[in-house]
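Residues per chain, in single letters:
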Amino acid sequence: MLFRSAVGLSCAALLGCASTKVDTSGSALREPLCQAGAEKLSALVYWGPRWRPDQKEPALREAAALRGIEDFFAGAGCIGALDIRRLPGEGLAEVPSDEQLLQSAARMAPPPDRVLAIVVRELGPVLKIGAPVLVEGGTEVVLEVRILDMRTAASMANVRTHWRNGGTFVVKGVKSLEQDMSAALAAVLMPAADR
């Protein structure tokens, strides 16, 4: 019986606990993109990956990123009309300027309330083995998000976010990438709800 307890405690210690850490730089939203109960907004979302040259399984990650974006906006009850489009260009190509995004949105009838550009730089599992911790892992999402108010043409946010979920003795694969993408977007677009 004592041996079983010792094994159980050892296993519990090795499993570790995952926690979420969010680092941002740039100009973040001062309040959530929209709020439940308020007038529903319409949004045009441009998104696209800009992976590093040695990115593994880019097609799998792109599919997970898109599903995560769709899931986030489907769950945001404050978005009335939504149009999700792929950013032009591939690989490390330039992302359209604010003016180009606003011009594209102006051609819509009716024009959206908000225009978003979401660039996915990283989406995947991470694993570190060695000193000072034997095993540390989890998943990470790196996003660059710009938000424009279509009515005023003003920038509401231009932020780079590094979202991580993991910890000591945590090993995660690719199964949670869709949910990780959605959670990272929530941290960026609904900041008051995260704190």
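Just above, that's the structure.
Residues numbered from 1 in each chain as written. Predicted model: local features only at pLDDT ≥ 70, side-chain atom pairs only at ≥ 80, totals over all residues. Heavy atoms only, no water.

A. Seen up close, the state of the cysteines. In the structure shown here, the tally under the stated rule is 1 disulfide. Sulfur-sulfur distance for the disulfide between Cys34 and Cys78 comes to 1.9 Å. One quick way to see it: the torsion about the S-S bond of Cys34 and Cys78 is about 50 degrees, and its sign makes the bridge right-handed. On the criterion of sequence distance, the pair formed by Cys34 in the loop between strand 1 (19-27) and strand 2 (41-49) and Cys78 in the loop between helix 2 (58-75) and strand 3 (79-86) is long-range, its members being 44 residues apart. (Disulfide = S-S within 2.5 Å. Helix = DSSP H or I, 4+ residues; strand = E, 2+ residues; numbered from the N terminus.)

B. Broad picture of the environment of Gly89. In this fold, Gly89 is placed in the loop between strand 3 and helix 3 (98-106). Gly89 gets classed as partly exposed once you look at its relative accessible area, which sits at 36%. In this structure the C-alpha to C-alpha distance between Gly89 and Arg50, which are 39 residues apart in sequence, comes to 9.5 Å. (Buried < 20%, exposed > 50% of the residue type's maximum accessible area, 1.4 Å probe, protein only.)

C. How the structure looks around the side chain of Asp113. Within the secondary structure layout, Asp113 lies in the loop between helix 3 and strand 4 (114-129). Exposure remark for Asp113: the relative accessible area of 18% places this residue in the buried category. Among the polar contacts listed, one links the side chain of Asp113 to the backbone nitrogen of Ser42, at a separation of 2.8 Å. Setting aside its immediate chain neighbours within four residues, Asp113 contacts Lys40, Leu41, Ser42, Leu148, Asp149, Met150 and Arg151. (Polar contact = N/O pair within 3.5 Å; in protein donor to acceptor, adjacent residues only side chain to side chain. Contact = heavy atoms within 4.5 Å.)

D. Expanded view of the nonpolar core. In terms of nonpolar packing, the biggest core is built from 35 residues, with Phe73, Ile118, Val120, Leu123, Leu143, Met181 and Leu189 touching the most fellow members. Secondary-structure elements contributing two or more residues to this core are strand 2, helix 2, strand 4, strand 5 (135-149), strand 6 (154-168) and helix 4 (177-189). The element contributing the most residues to this core is helix 4, with 7 residues. Leaving out residues up to four positions away in the same chain, Leu143 has contacts with Ile118, Val119, Val120, Val159, Arg160, Thr161, Met181, Ala184 and Leu185. Leu44, Ala105, Met108 and Val119 belong to the second largest nonpolar core, which has 12 residues in total. (Core = buried A, V, L, I, M, F, W, Y, C linked by side-chain atoms within 4.5 Å.)

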